[in-house]
Amino acid sequence: MVDASIIAASGLPPRRGPTQKYELLGNTIVLSQGDSSFEHTGWRTWAGSWLLAKHFERKPVSGRKRVLDLSCGTGLAGIALARAGYEVTLCDMEVNMGTVRSNVARNATGAEEHDATSLAQAVGYSWGTPLPPELRIAFDIVLCGDLLYHVWSGRLQNEFLTTLQYLNGGAGAGAA
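These figures come from a predicted structure and were not determined experimentally. (Residues numbered from 1 in each chain as written. Predicted model: local features only at pLDDT ≥ 70, side-chain atom pairs only at ≥ 80, totals over all residues. Heavy atoms only, no water.)

**Q** Which parts of the structure should I look at to understand the pairing of strand β4 (residues 87-92)?
**A** The side chains of a regular strand alternate between the sheet's two faces. Counting buried positions along β4 gives five out of six residues, so the element sits mostly inside the fold. Taken together, the five bridges between strand β3 (residues 66-70) and β4 define a ladder with parallel strand orientation. Across the sheet, the residue bridging to L68 is T89, located in β4. Handedness of the β3-helix α3 (residues 76-83)-β4 crossover: right-handed. Both β4 and strand β5 (residues 121-124) contribute to a ladder of four bridges, which runs parallel. Across the sheet, residue T89 finds its bridge partner in β5, namely Q121. (Buried < 20%, exposed > 50% of the residue type's maximum accessible area, 1.4 Å probe, protein only. Helix = DSSP H or I, 4+ residues; strand = E, 2+ residues; numbered from the N terminus. Pairing = 2+ DSSP bridges. Right-handed = clockwise from strand over helix to strand, strands pointing away.)

Encoded structure:
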């Protein structure tokens, strides 16, 4: 058994499951799978995240864009875009944020290694609730990958549409 203090002293993010490497947008992205207690959420990397990142490889957007990876899962698409120079905020349910933050830290390079938040910002959020301050900004791009499956299969249309209204500056976006 490895002493936790040795891992902490190494400065490496905790491993939260098996890791996998992805080559996206000219970078190697290393992710661990999640340890969420909820089934069908951020506990694993879904194909939609990979497809979103591949879309940006094929059709890059010019200029530095502000991107929200809504319900980011393990963070693959958002982290790949952050490594490619986009300004990214990743969000998911709070229960998944340990995995997301660990993956952001795992992929930080250079000066980012000392401050992983310079790579991407990670914010806990549940659909339909008022936006936290970090999400009350204008995003150029909102990524919605595999989450759409959960919207319709889980009958979460109202919560999801409320979140989109909040993100678009609708009533209540800034309410506490």
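**Q** I tried to follow helix α2 (residues 47-58) on my own but got confused; where do I start?
**A** With 12 residues, α2 extends 17 Å from end C-alpha to end C-alpha; this agrees with the ideal 16 Å at 1.5 Å per step. Where α2 is concerned, the buried positions are G48, S49, A53 and F56. The buried residues of α2 occupy an angular sector of 140 degrees when projected down its axis, which confines them to one face. Exposed side chains of α2 directed beyond 90 degrees from the buried face belong to A47 and R58. Those residues of α2 that are buried are in contact with β1 (19-24), α3 and β6 (141-143). (Expected span 1.5 Å × (residues − 1). Arc of directions from axis to C-beta. Contact = heavy atoms within 4.5 Å.)

**Q** What should I look at first to understand the sheet that holds β6 in this one?
**A** Within a sheet, neighbouring strands are paired by backbone hydrogen bonds and run either parallel or antiparallel to one another. Read from one edge of the open sheet, four strands run β5-β4-β3-β6, paired in parallel fashion. Because the sheet does not close on itself, it has two edges, and the strands there are β5 and β6. Pairwise comparison of adjacent strand axes, ignoring direction, gives a mean angle of 20 degrees for this sheet. Summarising the sheet, β3 and β6 pair through three bridges and their orientation is parallel. Among the inter-strand pairings, D69 is bridged to a residue of β6, identified as L143. (Axes fitted to C-alpha atoms, helices over the stretch in contact; angles between N-to-C directions.)

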